[in-house]
Structure formats: C-alpha cells, structure tokens
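Summary of structural features
Take a look at the letters that make up each chain.
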Amino acid sequence: MIVYIIVLVVYLGMLAAIGMVMSGRSKSVGDFAIGGRSVGPWVTALSFVAAYYSSVVIIGGGAFGWKFGLSTLWVGAGNVLIGTTLAWIILGRRVRRFTENLDAMTLPGFFAGRYGSAEARIFSAAATGLFLIIYNVSVLKGMANSFEVLMDLPYWSGVVISGVVILFYTSVGGYLAVVWTSFVQALVMIAALVLLTFMSLQKVGGMTALVDRLNTVDPGLVNTPGVWGWAGLISFTLIVSLGTWGMPQLLVRFYSIKNDKMLRLGTVIVTVGASVAMLPYLTGAIARVLVPELSSADQAIPALTKLVLNDWGGALFLAGVVAAGMSTFAGVLIIISSSMVNDVWVNGLGRTLTPAAELKANRVMSLAVGVVSLLIALKPPALVLVLTAFSWAVIASTNLWPLLFGLYWKRTSPKAAYWSMLTGVAAALLWQAWPRLGWLPDLPAGLAGIHGFVVGTSVGLLVIVIGTFVGKPAKRECVDKAWGSR
Amino acid sequence: MAPFHLPWITFGAFLVLGGTLILAFVWALVDLVRDRKDGS
C-alpha cells in the first residue's frame, strides 16, 4: 500500500506543478483555450493519444478482450488506422488552417464562421457540452473504480482525489497545462500498458500458447468475429474510431499545433503512440486464460494486474489508468468551458467581456463544470449511467459530417449542416432508446446489435448530402474566409 | 494458419497495424517532398 501512495503522491504532485508553471503562460483567452497555437509536434501527438484513450478504454477494452477474445484486436487496429492516422492526415491540416483563417477557438466557433450559422454554433455547443459532461462522469467513475479495486479505497475518495487535482491544474494552467500534463500522462500510460502486456504474456507462455489455450476455452475467442458477431464488432469499432473525428477534445489538438508543417512529424509520432490501443484488448484476452473466474468482465485488467505485477508495477499501472482518465477529463473540461464562454455567453447571447474578464470567465467556468461533473460522479443517477453509453454517439453525430463536409465541400449548405446535426442526434438517441420504449415493436435480431452511432451518422450523412443539393450554399465571404482566399 | 496459430482473419488486425505505421511514414515523406518542391 505504501508503494502505491508514494508513486501516486509523486505523480499527482508533478501534475499540479506543471499546472503552476503553465499558469504564468496563460495570459489571454487564446492561451487558455488553445495554448496560443504554440504547441510542438511531440506534445500535440502524445497528448492526442492521452486524450483519446481514457481509463474507460483501458479497463473497458480489457473487459471486451476478456469477454469476446482476440477479435477485439480489430477495435485497436481501427483506433490506430481510422481514429488516429487517417484523422491526422484527412482532418489535421485543414482544421489547422481553417480555424486560423476563421479565428475560431472552438468547434462551434468553426461552424459559425464556416457556415455563417448561429443556430449550428448554439446547437453544437449545447449538445456537445451536455454530452461531454456525461462522458466526463463516466471517465471519473472509471478512475474511481480503479482506485477502489487496486488500492481498496472507497469509491468517493477516488472521485475526489483525481477530480481535485485535475480541477486545480486545468483552471490554473488552462490548455497548456492540459497538453503538457497529457504528454506526461501518455508516457506513463504507454509504459504501464507495455509492462502489463509483457509480464502477462510471459506468464501465459507467449502468444502461441495464449492462442492455443484460448482455443481450448472456446474457439470463438480466437476467431473473428467469433463470439461477438459482425454487427457488434463493426459498430463498436466504428464508434470508437470514426467517432473521434467529431470529438472536440481531440480536434483541438489540430488548432493548437504551432504550424501545419509540424503535423507531418506529429502524424508519425501519434501513430506509433496510438499503437498501444491493441494492448488492453490483448491483455483482456490473456486475462480470460489466467483469471477465468470473475464476477464481472470489468475486473479483468485489475485482477490480471494483481496477478502478474509486483507492488511497484501495480502502482505504475494504477498511475497509468489514472493518467488516461485525467488527461481525457481535463481535455474535455477545457473544451466545455471555452465553448460555454465563447460560443454561448459571448457570441450566442451577445454579452461583451473585456479580454481579462473573458479569461477569468473561462477559468471560473472550467472550475464550475468540473465541480458539477465531480458531484454527479459521486452518485451518478441511473439516467446519467444510461446516457454515458451513447455520449460518443451523440457528440459524433452532431459534429462529424458538418466538420468533414465543411472542410472539403465548398458548396455545403448551412441549413443542411444544421439539420444533419439535429436529425443525426435524434436518430442516435431514438435508436438507443428503442428497446426501452415498450410501445415500439422489437427490432429484428440482426439490427439490434447495431449501435446508435451508425444510425445517427448514417441519417446525418443523408441529410447533409441531400440538403446541400436542394439548399443554398454558405455565403461567399464565409467560404472565402475559411479557404483563406480573401 | 497465420503466425501464432491465429486464423488469418484475426491476424489481419496486426497486418492493419503494420500497414498503418508504414502509411504514416510514407505520407510524411511524400508531404515533405511536396513541400520542398513547392518551396523551390
């Protein structure tokens, strides 16, 4: 126990120190929200990895590996190819250039500038803000559960310890503190995952022995799609891979990089770093062999950690899980606060603030949103727990197509973009709620496994394409400004 | 049978990962060369 305490105190103290150092460098709203567009490729790339993979991915990914076996490696491969490398290649440069041309610091701000649409700005800010808070609750819950299992601490103390440290460094140091702490957190997370994988592979007798032993448990744990089935495997891979293209806490990494040439080195670094996405699924499958008797699949990774790592290794792994959660939580916090202040308060409601007052409002808002998330996470209501399962689906259905089409198709209609958001969210929510609405007929068995993300984004795609053909394009000056031709 | 006694369809995940790493390097190289050409 003492080893865990030493490692955590040193680690959390270091994060708080980074927050203090960065507070001196956050002198304007631009510094607070996007680090004054001054971040280098290493920090941008590794902080992207840290924000992408939360504690939910490590613990939850392990649970999927334990339950469904090696077919889940495809989820990890999808995370790297679609969620990371293609996102950087297809979105990176244009997001960097367009947000600078439009002077946008948030995704709703990009929609307002690119489409000249106040309604798209408000809807995106509201839907994204609300569901990001819900997502944050699940991230905090994941971290607190790890404290509970690995350190035998009560759930509430895990929420408070991790929550308070994040609130401190985010509200004091702003975006720069978030990316620099995320950089450190990514290194800790990668080290922890590599250590756990190496030690557990050694314990199971190597990769070939793992496959043979899984085959004797159930050949469906080795085959693809195996026991999961295609509908579940493809839906889940898409939501956690393509879904990232609409997640503002990841896209902000592109706004804040120093210049678009740095995206080149960044793409290589981020691809190498993101490759650890395979490891939670692999270790989950190893856990199926080494710790087959579990009351819940969520215990797979903590139980494996206790079995194969000594106290120092276990403490490093806990730090890795906490790192994954903290970096995601902090990244989300800064996005919500800058969106609420800049998109809703200043631009949406038309309130005028001096630069100093706007900076202060951002700090206060990040603190307030963090406290609200923390209080909800202490005892999450049943509805919030249900909503966490599709927060990604809603956020991605809101932002994915209006962003992608806005970057690549000049003709895209502002009305079509707005209605794509609205119908995409409605379809995703309706699909997820369908089994719970008794008055609707049951879905056919083949369709029931499809996630609301697939339905929401399919509807959103149809609406934006058809709407653009029948609707009016954005005003010429908006398009010219976004493309930098005036 | 693929390496490690895995079926090819499951081993494909590792191939995709390897291909992605190569894609990132090649894209960065092509982009660098394009940038230099534009600059000259």
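If you're wondering where the values come from, they're calculated on a predicted model, not measured in any experiment. (Residues numbered from 1 in each chain as written. Chains lettered and ligands numbered in written order. Predicted model: local features only at pLDDT ≥ 70, side-chain atom pairs only at ≥ 80, totals over all residues.)

1. Some details on the overall build of chain A
When helices and strands are counted, chain A shows 22 helices and zero strands. Whereas a compact globule of 486 residues would reach a radius of gyration of roughly 23 Å, chain A reaches 22 Å, a difference of no more than 12%. Referenced to the eigenvectors of the C-alpha coordinate spread, the extents of chain A come out at roughly 65 × 55 × 45 Å. By the burial criterion, 60% of the 486 residues in chain A qualify as buried. The contacts in chain A between residues at least 6 apart in sequence include a share of 85% that link residues at least 24 apart. (Helix = DSSP H or I, 4+ residues; strand = E, 2+ residues; numbered from the N terminus. Rg over C-alpha atoms; globule rule 2.2 N^0.38 Å. Buried ≥ 20, exposed ≤ 12 C-beta atoms within 10 Å, placed from the backbone. Contact = placed C-beta atoms within 7 Å.)

2. Some points on the packing of helix 6 (residues 107-115) of chain A against helix 15 (residues 311-348) of chain A
Residue and element names in this part refer to chain A. Axis separation between helix 6 and helix 15 bottoms out at 8 Å; the angle between their running directions is 40°. Between helix 6 and helix 15, the angle falls in the class oblique. Residues Pro108, Gly109 and Ala112 of helix 6 touch helix 15, and the partners they reach there are Ser339, Asn342, Asp343 and Asn347. When grouped by side-chain class, the residues that make up the contact of helix 6 with helix 15 number two nonpolar, four polar and one charged. (Axes fitted to C-alpha atoms, helices over the stretch in contact; angles between N-to-C directions. Parallel < 35°, antiparallel > 145°, perpendicular 65-115°, else oblique. Nonpolar A, V, L, I, M, F, W, Y, C, P; charged D, E, K, R; others polar.)

3. Regarding helix 1 (residues 8-39) of chain B
Given a rise of 1.5 Å per residue, 32 residues ought to cover 46 Å, and the 45 Å separating the end C-alpha atoms of helix 1 of chain B matches this to within 8%. Those residues of helix 1 of chain B that fall on the buried side of the exposure criterion are B:Thr10, B:Ala13, B:Leu17, B:Thr20, B:Ala24 and B:Ala28. In this structure, the buried side of helix 1 of chain B is in contact with helix 5 (73-101), helix 12 (262-274) and helix 13 (278-290) of chain A. (Expected span 1.5 Å × (residues − 1).)

4. Some details on the environment of A:Arg96
Residue and element names in this part refer to chain A. Note that Arg96 resides in helix 5. When the C-alpha positions of Arg96 and Ile257 are compared, they lie 7.6 Å apart, and in sequence the two are 161 residues distant. In this view, Arg96 contacts Phe254, Tyr255, Ile257, Asp260 and Leu263; residues no more than four positions away in its chain are not counted.

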